[in-house]
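Descriptive structure summary
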Amino acid sequence: MFCVPAAPRPRGWSLALALLTAPALAGCQDYPKDIADTYRQVEARGELRAGIVSAPADTMAREHALAARLAEEEGVALHTVEDSSALLVRALEQGEIDVVIGRFARETPWSGRVGISGAAGGGKPEKTAPVLRALVRAGENRWLMRVDRHLGGMD
């Protein structure tokens, strides 16, 4: 049986490694990123602007409850507007609102244009099943994660 001794590391190797990796790790503190900084804008403004997709009044309680819960957990006031999904998605893309809440299938026509949360309460509904979800601006990954976390906890 032969034992091969470990090759000695050059002096300063640990310091060099630390100096090389520190800048890369420093960039991770705000990961994931929001391209338009929605999360910080909501926080700075002290208000969540939520679009609720219009539906018969007796079917929208969960949508309003999600918006209220999201605003409460973010520690901000809530301002809601109700309209069609087409108009709300346009307002979302233009930064006029922060989130759209409604019943969407995972394979919604908006899926290439916005970020889509998981289903309220978790679970894995069929891709074509319209369930309570939230939409955020494309590229707002940090904001989507926060919204998704609040949505997943709903019953």
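Our subject is the structure listed above.
Residues numbered from 1 in each chain as written. Predicted model: local features only at pLDDT ≥ 70, side-chain atom pairs only at ≥ 80, totals over all residues. Heavy atoms only, no water.

What follows is about the overall build of the chain. A count of helical and extended segments in the chain gives 5 helices and 5 strands. Counting only residues that meet the buried cut, the chain has 35% of its 155 residues in that class. For the chain, the share of sequence-separated contacts (at least 6 apart) that also reach a separation of at least 24 residues comes to 69%. Summed over all atoms, the accessible surface of the chain reaches about 9,500 Å², with 57% contributed by carbon and sulfur. (Helix = DSSP H or I, 4+ residues; strand = E, 2+ residues; numbered from the N terminus. Buried < 20%, exposed > 50% of the residue type's maximum accessible area, 1.4 Å probe, protein only. Contact = heavy atoms within 4.5 Å. Areas by Shrake-Rupley, 256 points an atom, 1.4 Å probe, with all protein chains shown as cover.)

An α-helical segment advances 3.6 residues per turn. Residues three or four places apart therefore align on the same side. Along helix H2 (residues 38–45), the residues that are buried comprise Thr38, Tyr39 and Val42. Viewed end-on, H2 has its buried residues packed into an arc of 105°, placing them on one side of the element. (Arc of directions from axis to C-beta.)

Within the secondary structure, Ile97 is located in the loop between helix H4 (85–93) and strand S3 (99–104). For Ile97, a relative accessible area of 7% puts it in the buried group. In the structure, Ile97 is positioned 39 residues away from Val136 in sequence and 9.0 Å away in space, judged by C-alpha atoms. Residues in contact with Ile97, not counting those within four places in the same chain, are Arg49, Gly51, Val81, Leu88, Ala91 and Leu92.

The N-to-C vectors of helix H3 (residues 61–74) and helix H5 (residues 141–152) enclose an angle of 115°; their axes lie 10 Å apart at closest approach. Relative to H5, H3 is oriented so that their crossing is right-handed. On the side of H3, the interface is formed by Leu66, Arg69, Leu70, Glu73 and Glu74, while H5 contributes Trp143, Arg146, Val147, His150 and Leu151. Grouping the constituent residues of the contact of H3 with H5 by class yields 5 nonpolar, 1 polar and 4 charged. (Axes fitted to C-alpha atoms, helices over the stretch in contact; angles between N-to-C directions. Left-handed = near helix turned anticlockwise from the far one by under 90°. Nonpolar A, V, L, I, M, F, W, Y, C, P; charged D, E, K, R; others polar.)

Let us now look at the sheet that holds strand S1 (residues 47–53). Taken in spatial order, the 5 strands line up as S2-S1-S3-S5-S4 in an open sheet, and their pairing is mixed. Edge positions in the open sheet fall to strand S2 (77–83) and strand S4 (114–116), since each of these has one partner strand only. Across the sheet, the mean angle separating the axes of adjacent strands is 30° when strand polarity is ignored. Taken together, the 3 bridges between S4 and strand S5 (residues 131–137) define a ladder with antiparallel strand orientation. For Gly115, the partnering residue across the bridge sits in S5 and is Val136. Here H5 sits on the sheet in contact with S1, S3, S4 and S5, set at roughly 160° to S5. (Pairing = 2+ DSSP bridges.)

With that out of the way, let us pick up the pattern of salt bridges. Across all of its chains, the model carries 6 salt bridges by this definition. Here Asp98 ties to Arg45 by a salt bridge, and the two come within 2.6 Å at their closest N and O atoms. Highlighted residues: Asp98 in the loop between H4 and S3 and Arg45 in helix H2, separated in sequence by 53 residues. Between Glu63 and Arg103 there is a salt bridge whose closest N-O contact spans 3.1 Å. Separated by 40 residues along the polypeptide, Glu63 in helix H3 and Arg103 in strand S3 bring together distant segments of the chain. (Salt bridge = Lys/Arg side-chain N within 4 Å of Asp/Glu carboxyl O.)

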